[in-house]
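A closer look at the structure
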There are 2 protein chains.
Amino acid sequence: MSQSVDRAAAILDACAPGPQRLTHLADLLGVHRSTVLRLLQTLERHRLVRRLDDLTWTIGYGLIGLAVETLDRMDLRTAARPRLERLGQEIGHTIHLAQLDGHDIVYVDKVEGHGAVRMASRIGAPVQVHTAGVAKAILAGLPPDRCEAVLASATFERFTDSTITGRAEFAAELAKVRKQGYAVDDGEYESYLACVAVPVRDGGGAIRAGVSITALCAIERLEKLRRHLPRLWAVASEISRELGWTGPAGVGRSAG
Amino acid sequence: MSQSVDRAAAILDACAPGPQRLTHLADLLGVHRSTVLRLLQTLERHRLVRRLDDLTWTIGYGLIGLAVETLDRMDLRTAARPRLERLGQEIGHTIHLAQLDGHDIVYVDKVEGHGAVRMASRIGAPVQVHTAGVAKAILAGLPPDRCEAVLASATFERFTDSTITGRAEFAAELAKVRKQGYAVDDGEYESYLACVAVPVRDGGGAIRAGVSITALCAIERLEKLRRHLPRLWAVASEISRELGWTGPAGVGRSAG
DNA sequence: TCCTTTGTTGCACCATGCGCACACCCTTGT
DNA sequence: ACAAGGGTGTGCGCATGGTGCAACAAAGGA
């Protein structure tokens, strides 16, 4: 492990929520401000941070460029993006695409809904594995050992009255997802949000990703969101095909 | 300067174009593979890189999250995004938003056009300062010393027959931009692309950003793109107002 | 005008980062 | 079945790079 790189990474983490002063970063890291300044100067040289006019430090465009270049080259996103944009245009709700990443599930794409309210979810951020529809859609399609590995770190924290907090109860929920071919988040993370989600298959037919539609309950309750499932299954299936999957055609539990 | 952080940053740069093997990164950096492995392990711990199933290394979701979080918090982007999406929806061409960053100009937002062809421009990437319309729109509005500082590193490389390669010629072009209130790229970078651009003002009235419309000449030549200028000036003005600018209302040279 | 805070730099010291040697794993060829 | 080649991963001793300190500069507020 490299201590200097560790510190540099901590500086980057600290700068993402907003520009930070040198002395604040030194306090945060517990090192001398001359140490932080040298780390910042090296990060600045690579455009990973930049210094603003008021002498605060923020994330640099070089880092942003690395992230955007990486996202632009992801097959899953390339296959999904135009389809998610069209779907978002049609139905007007927030669309998420998420992918398994080791023992995490992360958002990899997002199409904002038409309404005045924006979801706080963010590309690159981890998904709540025990509440998010898209997480359940993926977990339900994983081999048991892989599913267990992802859930090993889950705390099953109660967020609302609807949150599933028991592991046995959650296993039953996943069995239900496998049976019906889609997952839901029925106010389990935020009581006023509802979501339906379906899995996306990779070229080998394995489930590594999922796509979801989320809406405010005040705008569209879960029952009405379910009406979009045929369309969502179709989108998932198209994405899966573009990734090389050659399984059964059509909508429903076999799709995606 | 920190040598370890320098190397870690070089690893990140190398991974953005695509996943890389350990031995390749060691060759690239000219250090021992055990050195690279330890740097990678530290970067992985902070989710700045991730290891794929085939043991190659790629940019991690943690880094992507830092970038997206930073972009999401930028006032300029927040003000611009819904307006650029609406404009893109209306006219169907690629829209760019770029901002001055020290002595560089970088793309900070982009709305893809409707057509089958996608522009290679990328958020976070630097703009060609002597050819891009959006760069000329910004440069024309800078104080002379600031403009010179940006141009100091420009090479005025000839890309097409239309490229402006003389500094005096370029100064004349900027004078023209000031006079007419908009800039163009008339096949100066790629012969088959045309673009119109206008500046965006910050809260204090200074010009630090610009917005542009780009199209394939085969779809819409420069003369027709000019017809979108009233709409583009209006968008730039709205963005400027949301950033706190209180200057003259209306379209034309005074706008944005 | 003075004090405080923040940012910056040169220098000496020591803790960390380095490469080496070895081990392990996987694939390919005989 | 075994050997060879290529790639990855780790423990350890040592040299060097990263560190904090002291001093200085700049800016802002009392």
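What counts as what
Numbering of residues starts from 1 in every chain and runs along the sequence as written. Each chain is given a letter, starting from A, and each ligand a number, starting from 1, according to the order in which they appear as written. In view of the model being predicted, local features appear only for residues whose pLDDT reaches at least 70, and side-chain atom pairs are presented and counted only at 80 or more, with totals across whole chains, interfaces and linings using the full set of residues. The basis for every side-chain value is the complete set of non-hydrogen atoms in the structure, without hydrogens or water. UniProt positions are given in the numbering used here, feature names are shortened, and annotations may be inferred rather than shown by experiment. Helix and strand definitions here come from DSSP, where helices need a minimum of 4 consecutive H or I residues and strands a minimum of 2 consecutive E residues; each element is numbered from the N-terminal end. Domain ranges listed in this record stem from an automatic or a database domain assignment. Note on pairing: two strands pair once DSSP finds at least 2 bridges between them. Only the contacting stretch of a helix is used when fitting its axis, a line to C-alpha atoms as for every element, and angles between N-to-C directions run 0 to 180 degrees. Two residues qualify as a contact provided that any one of their heavy atoms is within 4.5 Å of a heavy atom in the partner residue. The near set for a molecule or strand comprises every residue that places at least one heavy atom within 4 Å of it. What qualifies as a polar contact is a pair of N or O atoms within 3.5 Å, subject to a donor-acceptor requirement within protein and to the restriction that residues adjacent in sequence count only when both atoms come from side chains. Gly is placed with the polar residues, together with every amino acid not listed as nonpolar (Ala, Val, Leu, Ile, Met, Phe, Trp, Tyr, Cys and Pro) or charged (Asp, Glu, Lys and Arg). All copies are superposed by least squares; the fitting set is the C-alpha atoms of residues with a pLDDT of at least 70 in both. Planes of paired rings set the category: under 30 degrees apart is stacked, over 60 is edge-to-face and the rest tilted, where pairs are Phe, Tyr or Trp rings (Trp by its six-membered ring) whose centres lie within 6.5 Å. Residue burial is assigned from relative accessible area. The probe radius is 1.4 Å, only protein chains are included, and a residue is buried under 20% of its type maximum, exposed over 50%, and partly exposed in between. Throughout this description, any angle smaller than 35 degrees is read as roughly parallel, any larger than 145 degrees as roughly antiparallel, any in the 65 to 115 degree range as roughly perpendicular, and the remainder as oblique.

**What to know about the UniProt feature "domain: HTH iclR-type" (unreviewed entry) in chain A**
The sites that carry the UniProt feature "domain: HTH iclR-type" (unreviewed entry) are, in the present numbering, residues 2-61 of chain A. Along residues 2-61 of chain A the backbone is 58% helical and 10% strand, and the end-to-end C-alpha distance reaches 24 Å.

**Points about the domain arrangement of chain A**
Splitting chain A by domain gives domain 1 (3-66) and domain 2 (74-242). The C-alpha-based centres of domain 1 of chain A and domain 2 of chain A are spaced at 34 Å.

**Overview of the sheet that holds strand 4 (residues 104-111) of chain B**
Residue and element names in this part refer to chain B. Taken in spatial order, the five strands line up as 4-3-7-6-5 in an open sheet, and their pairing is antiparallel. Both edges of this open sheet fall to strand 4 and strand 5 (183-186), since each of them pairs with a single strand only. Going across the sheet, the axis of each strand differs from the next one's by a mean of 25°, ignoring polarity. Both strand 3 (residues 94-101) and strand 4 contribute to a ladder of seven bridges, which runs antiparallel. Pairing of Ala98 across the sheet is with Tyr107, part of strand 4. Along the sheet face, helix 10 (residues 229-242) touches strand 6 (193-201) and strand 7 (207-216) and points at about 30° away from the line of strand 6.

**Side note on the protein's contact with DNA strand C**
Around DNA strand C, 22 residues are found, and the nearest of them are A:Gln3, A:Arg51, B:Arg7, B:Thr35 and B:Arg38. Sugar and phosphate atoms represent 69% of those atoms of DNA strand C found within 4 Å of the protein. A distance of 3.0 Å is found between a phosphate oxygen of DNA strand C and a backbone nitrogen or oxygen belonging to A:Ser4. Of all elements in the fold, only helix 1 (3-15), helix 2 (22-29) and helix 3 (33-45) of chain A together with helix 1 (3-15) and helix 3 (33-45) of chain B reach the threshold of two or more residues within the surface near DNA strand C. The element that contributes the greatest number of residues to the surface near DNA strand C is helix 3 of chain A, accounting for five residues. Taken together, the residues that form the surface near DNA strand C break down as five nonpolar, 10 polar and seven charged.

**Here's the deal with the sheet that holds strand 6 (residues 193-201) of chain A**
Residues and elements named next belong to chain A. Reading across from one edge, 4-3-7-6-5 is the order of the five strands in this open sheet, with antiparallel pairing throughout. Each of the sheet's edge strands pairs with one partner strand only, and the pair in question is strand 4 (104-111) and strand 5 (183-186). Neighbour-to-neighbour, the strand axes of the sheet open up by a mean angle of 25°, direction not taken into account. Two elements, strand 6 and strand 7 (residues 207-216), share nine bridges in a ladder whose sense is antiparallel. Within strand 7, the residue paired with Val198 across the bridge is Val211.

**A word on the relation of the copies chain A and chain B**
Overlaying chain A on chain B yields an RMSD of 0.0 Å, the required transformation being a rotation through 180° with an accompanying axial translation of 0.0 Å. Each copy turns onto its partner about a two-fold axis. When each C-alpha of chain A is compared by its distance to the rotation axis, A:Val5 comes out closest, at 2.6 Å.

**Observations concerning the packing of aromatic side chains**
Residue and element names in this part refer to chain B. Tallied over the entire structure, the rule returns six aromatic pairs over all chains. Relative to Phe170, the ring of Phe156 lies with its centre 5.4 Å away and its plane at 75°, an arrangement referred to as edge-to-face. One end of the pair, Phe156, is in the loop between helix 7 (144-151) and helix 8 (167-180); the other, Phe170, is in helix 8, with 14 residues separating them in the sequence. The class for Phe156 is buried, based on a relative accessible area of 6%. Look at Tyr182 and Trp233: their rings are 6.1 Å apart centre to centre, the planes differ by 80°, and that puts the pair in the edge-to-face class. Taken as a pair, Tyr182 in the loop between helix 8 and strand 5 and Trp233 in helix 10 lie far apart in primary sequence, 51 residues in all.

**Some thoughts on the side chain of B:Asp101**
Relative to the assigned elements, B:Asp101 resides in strand 3. At 3.2 Å, the side chain of B:Asp101 forms a polar contact with the side chain of A:Arg50.

**Things to note about the protein's contact with DNA strand D**
For DNA strand D, the set of nearby residues contains 22 residues, the closest of which are A:Arg7, A:Thr35, B:Gln3, B:Arg33 and B:Arg51. Contact between DNA strand D and A:Arg7: a phosphate oxygen at 2.6 Å from a side-chain N or O atom of the residue. Residue B:Arg21 places a side-chain N or O atom 2.8 Å away from a phosphate oxygen belonging to DNA strand D. For the surface near DNA strand D, the element with the highest residue contribution is helix 3 of chain B, accounting for five residues. Residue composition of the surface near DNA strand D, by class: five nonpolar, 10 polar and seven charged.

**With respect to the packing of helix 2 (residues 22-29) of chain B against helix 3 of chain B**
Helix-helix packing is described using two parameters, namely the angle between the two axes and the distance between the axes. Residues and elements named next belong to chain B. It is at 9 Å that the axes of helix 2 and helix 3 come closest, and there the two elements cross at 110°. As far as their axial angle goes, helix 3 and helix 2 are roughly perpendicular. Contacts from Leu22, Thr23, Leu25 and Ala26 of helix 2 reach helix 3 at Arg33, Val36, Leu37 and Leu40. Looking at the contact of helix 2 with helix 3 residue by residue, the classes come out as six nonpolar, one polar and one charged.

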